[in-house]
Amino acid sequence: MEAERRLAGTSEVVPLALPKGQAKLCELCQGAARLQCTGCRVTFYCNAEHQQADWVGIHEIICQSLVPIRTSTPDSLQQAGRILTPLNKNESRAKDTSLTYKMQVKLIETCRSVAQSKLSEGKHQEALPAAQLCLRSSKDVHGPRAVQVVPAYLLLAEANLGLGNLAQVKELLSLAEWAVLKSPEPSVHHRLHRILGRLHTATGDPEAALFNFANDIYLSSEVYGLDSTVPCGGYFLMADVFAKKGKVPITRSLYSKVAQTWHCHLTKLLQTDPPNVQNPNKLLELSYDKAQRFEVQNMLETMLEFEQNDSRKDPAQIALVAHCLGMLWFLEGDSLKAGSFGSTALQASHLIPKHDLTEPIQGLLQLVHSLQAQSPSGSD
């Protein structure tokens, strides 16, 4: 009800009331605007549909934050509580520029986080407003060709990729590639190769996809280390290409690499503070954001389904992946899912005499029972 009330908060734009040469543009499509948000009065839309899409996508979160950024004068900053003492003219200009920059950087990070979270949940349409604003703000702060803008290009490309807007994806990636040429930083290159691989997968070019995923794995391993979880995304996407080609042994080998890496990291994370069963999700939140956690859940569940549906089931791999999922959900604070996956892992491990995961899996189930005993609902 509150969202609906706020969504109705628009007023008509009166062209004659605007300063000469300052036409207002729609926040989403950059077309001529005829509506104004009455919450911030600095954001405009061509129609109610675009206002609603922007509200759901990002504007609800940043409405008031946009006011000092888009009306960044010493008076507006002082009214917003960001300048507490009077300044002379030169000090005001310098302080104004510095504070505006900091607020814009914070806005970029907020938009990035919101867009990435929505993308991880498969909400590509809802991610568009945040991704678009992230890109526009990044250009304002760093310049349109700066390498710092590349993550925003990739974010918007990923949203469009999920919507099937392949022409738009190609254009965005072309701009990102141009900016990346000026940067020797491998972390930027690896992210570009990953989404290029996804684009080639979507357009039916598996060889080009594999080439880019291989570069993604190489570069991310160079930056973060061979045992890092970062290259796992590249391994997983490469495995998906081989799975579609019917290359089951290669697919299983790549999935195994992902599972072993995540198993090692989750085990270490669980051992960081084993008595803390009252609030285990704090451990995971400190290590991975919501989008990263959603991504690994999706990868592991896909891998488990692959193993369980294969005619030649590998109980060792099922135990490994299910144990990962059990640990992951325990660290999320969901004892029901943790117990379910833990039981699946234990059943698979019992099919292998003296399996080395049997004892750790039993230890996980004991932690799950402790969590359930302290939370009657079975979940935080």
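Residues numbered from 1 in each chain as written. Predicted model: local features only at pLDDT ≥ 70, side-chain atom pairs only at ≥ 80, totals over all residues. Heavy atoms only, no water.

### Description of the pattern of salt bridges
No. 1: According to the stated counting rule, one finds 12 salt bridges in the structure shown.
No. 2: Between glutamate 307 and arginine 252 there is a salt bridge, with the nearest N and O atoms lying 3.2 Å from each other. With glutamate 307 in helix α14 (residues 290-309) and arginine 252 in helix α12 (residues 248-272), this pair connects stretches of sequence that are 55 residues apart. Residue glutamate 307 shares its accessibility class with arginine 252, and that shared class is buried.
No. 3: A salt bridge links arginine 293 to glutamate 332; the shortest N-O distance between them is 3.0 Å. Here arginine 293 is found in helix α14, whereas its partner glutamate 332 is found in helix α15 (residues 315-332), with 39 residues between them in sequence.
No. 4: In this structure glutamate 332 comes out as partly exposed when scored by relative accessible area, which is 22%.
No. 5: One salt-bridge network, in which partners are shared between bridges, spans Glu27, Arg70 and Arg136. (Salt bridge = Lys/Arg side-chain N within 4 Å of Asp/Glu carboxyl O. Helix = DSSP H or I, 4+ residues; strand = E, 2+ residues; numbered from the N terminus. Buried < 20%, exposed > 50% of the residue type's maximum accessible area, 1.4 Å probe, protein only.)

### Concerning the packing of aromatic side chains
No. 1: Inspection of the entire model under this criterion finds two aromatic pairs.
No. 2: When the centroid spacing of 5.2 Å and the interplanar angle of 80 degrees are considered together, the rings of tyrosine 255 and phenylalanine 306 count as edge-to-face. Of this pair, tyrosine 255 sits in helix α12 while phenylalanine 306 sits in helix α14, and the two are 51 residues apart along the sequence.
No. 3: The exposure class assigned to tyrosine 255 is buried, which follows from its relative accessible area of 4%.
No. 4: In this structure, lysine 337 packs its charged tip against the face of tryptophan 329, placed 4.2 Å from the ring centre. (Phe/Tyr/Trp six-rings, centres within 6.5 Å; stacked < 30°, edge-to-face > 60°. Lys NZ or Arg CZ within 6 Å of the ring centre and 35° of its normal.)

### Describing the confidence of the model for the protein chain
No. 1: On average, residues of the protein chain score 85 in pLDDT, and 83% of them are at 70 or above.
No. 2: Put simply, helix α4 (residues 74-79) is where the protein chain has its lowest mean pLDDT, 42, and helix α11 (residues 232-244) is where it has its highest, 97.
No. 3: Of the regions scoring below 50 in pLDDT, residues 74-93 engages in 22 contacts with residues more than four places distant in sequence or in other chains. (pLDDT = per-residue confidence, 0-100. Contact = heavy atoms within 4.5 Å.)

### So, α15
No. 1: Given a rise of 1.5 Å per residue, 18 residues ought to cover 26 Å, and the 25 Å separating the end C-alpha atoms of α15 matches this to within 8%.
No. 2: Among the 18 residues that make up α15, 15 are buried, leaving the element largely enclosed by the rest of the structure.
No. 3: By the N-cap criterion, in which a side-chain oxygen at the helix start approaches the backbone nitrogen of a residue two or three places on, α15 is capped by aspartate 314, the distance to alanine 316 being 3.1 Å. (Expected span 1.5 Å × (residues − 1). Polar contact = N/O pair within 3.5 Å; in protein donor to acceptor, adjacent residues only side chain to side chain.)

### Quick word on the packing of helix α9 (residues 186-202) against α11
No. 1: One way to put it is that α9 packs onto α11 with a least axis distance of 11 Å and a crossing angle of 15 degrees. Taken together, the axes of α9 and α11 lie roughly parallel to each other. Considering the relative orientation of α9 and α11, their crossing is left-handed. Across from Arg194, Arg198 and Thr201 in α9, the residues of α11 making contact are Gly233, Gly234, Leu237, Val241 and Lys244. (Axes fitted to C-alpha atoms, helices over the stretch in contact; angles between N-to-C directions. Parallel < 35°, antiparallel > 145°, perpendicular 65-115°, else oblique. Left-handed = near helix turned anticlockwise from the far one by under 90°.)

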